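Below, each chain spelled out in residue letters.
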Amino acid sequence: MAHRAELIAVGTELLLGNIANLDAQILSEKLAELGIDVLYHTVVGDNPARLRQALELARTRVDVILTTGGLGPTYDDLTKQTICEVFGRKNVLHPELESWLRALFADRGRPMTENNLQQAYLPENCTVFHNQNGTAPGCAFCEDGVHVLMLPGPPHECELMFRTGAEAYLRALSHEVIASHTLRIYGKGESEIEALLHDRIVNMTNPTVAPYAKSDECMLRVTAKASSPEAAEQLLAPAVAEVMGVVGEWVYGVDVDNLETVCLDLLKSRSLTLSTAESCTGGLIAKRLTDISGASAAFLGGVVSYTNGVKNHVLNVSQSILDEYGAVSEPTARAMAEGVRALTGSDYALAVTGLAGPDGDDRGNPVGLVFVALAGPDGTAVRECRFGKRTREHIRQQTANTAFDMLRRKLQ
């Protein structure tokens, strides 16, 4: 039986736009991986009457309801009480949670005020989800064929509780095993990928293929249902191979986190090193690399050459190149990459120079014009990119992605 879900986020601050509803994104992705169809997203303020209406409607159209928020100790945290009223459950004290809360506050050296005790109250006969990042436990129960799961609002608490508690509860609802592989794509948009795979996407039923647009890239998720993990993998392998046969040129990894991780793994597996020279990205490439633990095994360092003086005196870009071609040019990008490679002694070097906006330069170059260079043992390649008049952040991220993709393609 396929399960259908509705996510109900509780919090007036969401309606006012003070915070974004990140929980909905997190849970939708997790539920999709479990093969549970999310049909509705609902946001309700801290108002018991409106929450009651949302719950009454949800129970008529789905069999899994996940709520986020409203589990804390303050007067407006009324999610539990309202859910108990709607589903006819008593809201009772769980002694083991009271003991846990008192020990937690004692360990932190803080007094536990009486209102914190209400966090130890949950519906009777529920499955308790412990909170490893906060003080508000969650829970799940089933009433009249509808499964209700309550999770905390802060995203870091919500995500961890889902992984450590709610996920196992939901998996137990089905005798089928659901497995998936995610293909990460750079260089083609969602609509282009969908057009290339349209017939396969429409005709595949198990496994299924679904494209997803992510920030500055695209994903394909191939999902299969079977009686066991092994049987699911047997279904997935030929489907992934078929998809790769069509779009493999743009797939930079399967079940990987991001481009920079793929690049670092490739460098380390070959005992190669990398350095960077950045102008318009202001150190973003180096930052993304050093966000990854163990990056020092392959990344030697970088130079942020934001001015021509640094390009000339540190990276040894000749003044004649800068005078004749300007900072935003193919010769300058080439010289930057070769300069930082010589400076650091790295096997490979990436360099970027361009215009992130909001204005062009005095040579008539437009916003979004970027040159990306990759220097290595067998020479230097330069790519000219025109990202258009987008936001500075978009242009900078796309520039970094392009640099990583050039390196990835070279090493693969």
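Check the entry above for the structure.
Calculation rules
- Within each chain, residues carry numbers counting from 1 in the order of the written sequence.
- Note on the predicted model: pLDDT of at least 70 is required for a residue's local features to be given, and 80 or more for side-chain atom pairs to be given and counted; whole-chain, interface and lining totals, by contrast, use all residues.
- Only heavy atoms go into the side-chain values, all of them from the structure, while hydrogens and water stay out.
- The rule is simple: put a 1 Å grid over the protein atoms alone, call a set of points where a 1.4 Å probe fits but cannot get out a cavity, call an open set with protein on both sides within 12 Å along at least five of seven lines a pocket, and count a residue as lining if it has an atom within 4 Å of a point.
- Grid points are joined across faces, edges and corners, and a volume is the space filled by probe spheres set on the points.
- Labels follow the DSSP assignment, with helices taken as runs of H or I lasting at least four residues and strands as runs of E lasting at least two, numbered in each case from the N terminus.
- Residue type decides the class: Asp, Glu, Lys and Arg count as charged, Ala, Val, Leu, Ile, Met, Phe, Trp, Tyr, Cys and Pro as nonpolar, and the leftover types, Gly among them, as polar.
- For each residue, the accessible area found with a 1.4 Å probe, counting protein chains only, is set against the maximum for its type, and the residue is called buried under 20%, exposed over 50%, and partly exposed in between.
- Being paired, for any two strands, means DSSP has found at least two bridges between them.
- Here, nonpolar core means buried Ala, Val, Leu, Ile, Met, Phe, Trp, Tyr and Cys residues that are tied together by side-chain atoms lying within 4.5 Å of each other.
- Note on contacts: a residue pair qualifies if any of its non-hydrogen atoms lie within 4.5 Å across the two residues.
- Handedness rule for crossovers: strands pointing away from the viewer, path from the first strand over the helix to the second running clockwise, crossover right-handed.
- One fitted axis covers the seven residues ending at a residue, a second covers the seven starting there, and the bend at that residue is the angle between these axes.
- For this analysis, a polar contact is any N or O atom pair within 3.5 Å, provided that within protein one partner can donate a hydrogen and the other can accept it, and provided that sequence-adjacent residues contribute only side-chain to side-chain pairs.
- For this document, the term salt bridge refers to a Lys or Arg side-chain nitrogen within 4 Å of an Asp or Glu carboxyl oxygen.
- Whenever a pair of cysteine sulfur atoms sits within 2.5 Å, that pair is classed as a disulfide.

Participant: Mind showing me how you'd approach empty space enclosed by the protein here?
Facilitator: Any empty space left between atoms is shown by rolling a water-sized probe over those atoms. Inspection of every chain in the model, using the stated rule, returns two cavities of 30 Å³ or more. In this model, the largest cavity occupies a volume close to 50 Å³. Taken together, Leu-7, Ile-8, Ala-9, Asn-21, Asp-23, Ala-24, Leu-27, His-41, Thr-42 and Thr-68 form the lining of the largest cavity. Listing elements by their share of the lining of the largest cavity, those giving two or more residues are strand E1 (4-10), helix H2 (22-33) and strand E2 (37-44). In terms of residue class, the lining of the largest cavity is made up of five nonpolar, four polar and one charged.

Participant: Is there a simple way to explain the pairing of strand E9 (residues 177-185) in this structure?
Facilitator: On a regular strand, one side chain projects to one face of the sheet and the next to the other, so that they alternate. Of all nine residues making up E9, seven are buried, and the element is well covered by its neighbours. Pairing of E9 with strand E11 (residues 217-226) involves nine bridges; the strand directions are antiparallel. For Ile-178, the partnering residue across the bridge sits in E11 and is Lys-225. Inspection of the sheet shows E9 paired to strand E12 (residues 251-254) by three bridges, in the antiparallel sense. Following the sheet pairing, Ile-185 is matched in E12 by Val-251.

Participant: What exactly am I supposed to notice about the nonpolar core here?
Facilitator: Nonpolar side chains in soluble globular proteins tend to end up buried together. Leu-274 and Leu-407 are the most contacted members of the largest nonpolar core, which totals 34 residues. At seven residues, helix H14 (residues 392-411) tops the list of elements feeding residues into this core. Beyond its immediate sequence surroundings of up to four residues, Leu-407 is in contact with Cys-263, Leu-267, Leu-274, Tyr-348, Leu-350 and Leu-374. Residues Val-10, Ala-54, Ala-120 and Val-148 belong to the second largest nonpolar core, which totals 27 residues.

Participant: Honestly, the pairing of strand E13 (residues 274-278) in this entry has me stumped. Any pointers?
Facilitator: Among the five residues in E13, five count as buried, and that is most of the element. A two-sided burial pattern is seen for E13, the buried positions comprising Leu-274, Thr-276 and Glu-278 on one face and Ser-275 and Ala-277 on the other. Here E13 pairs with strand E14 (residues 299-304) via five bridges, running parallel. Residue pairing for E14: Ser-275 is matched across the bridge by Gly-301. The handedness of the E13 to E14 crossover, carried by helix H10 (residues 284-290), is right-handed. Taken together, the five bridges between E13 and strand E15 (residues 348-354) define a ladder with parallel strand orientation. In the strand pairing of E15, Ala-277 is matched with Ala-351.

Participant: Looking at this model, I keep getting lost on helix H6 (residues 155-171). Mind explaining?
Facilitator: Two residues of an α-helix separated by three or four positions point the same way, owing to the 3.6 residues in each turn. If you look at H6, its biggest bend is around 50°, right at Phe-162. When we look at burial in H6, the residues that qualify are Glu-157, Cys-158, Leu-160, Met-161, Phe-162, Gly-165, Ala-166, Tyr-169 and Leu-170. Of the surrounding secondary structure, the elements contacted by the buried residues of H6 are H2, strand E3 (64-68), strand E6 (127-129), strand E7 (138-143) and strand E8 (146-151).

Participant: Would you mind showing me how to read the side chain of Thr-261 here?
Facilitator: Within the fold, Thr-261 resides in helix H9 (residues 259-269). One polar contact links Thr-261 to Asn-258, side chain to side chain, over a distance of 2.6 Å.

Participant: When you look at the side chain of Thr-135 in this model, what are you seeing that I'm missing?
Facilitator: Within the element layout of this structure, Thr-135 appears in the loop between E6 and E7. Only 3.0 Å separates the side chain of Thr-135 from the side chain of Gln-119, close enough to count as a polar contact. With near-sequence residues (within four places) excluded, Thr-135 lies in contact with Trp-100, Leu-101, Leu-104, Phe-105, Arg-108 and Gln-119.

Participant: Sorry, what's going on with the pattern of salt bridges here?
Facilitator: A full pass over the atoms with the stated rule returns 17 salt bridges. Two residues, Arg-200 and Glu-242, come together in a salt bridge whose shortest N-O distance is 2.9 Å. Of this pair, Arg-200 sits in helix H7 (residues 190-203) while Glu-242 sits in helix H8 (residues 229-247), and the two are 42 residues apart along the sequence. We classify Arg-200 as partly exposed; its relative accessible area is 30%. Linking Arg-386 and Glu-384 is a salt bridge whose minimum nitrogen-to-oxygen distance equals 3.0 Å. The class of Glu-384 is partly exposed, set by a relative accessible area of 45%. Connected through salt bridges with shared partners, the residues Glu-56, Arg-59 and Asp-144 form a single ionic network.

Participant: Can you help me understand the state of the cysteines in this one?
Facilitator: Each disulfide consists of one covalent bond between the sulfur atoms belonging to two cysteines. Counting across every chain of the model gives zero disulfides. Not part of a disulfide, Cys-280 finds its nearest cysteine sulfur in Cys-385, a span of 9.7 Å. Among the residues examined, Cys-280 registers a relative accessible area of 4% and is labelled buried. On the accessibility criterion, Cys-385 (8% relative accessible area) is buried.

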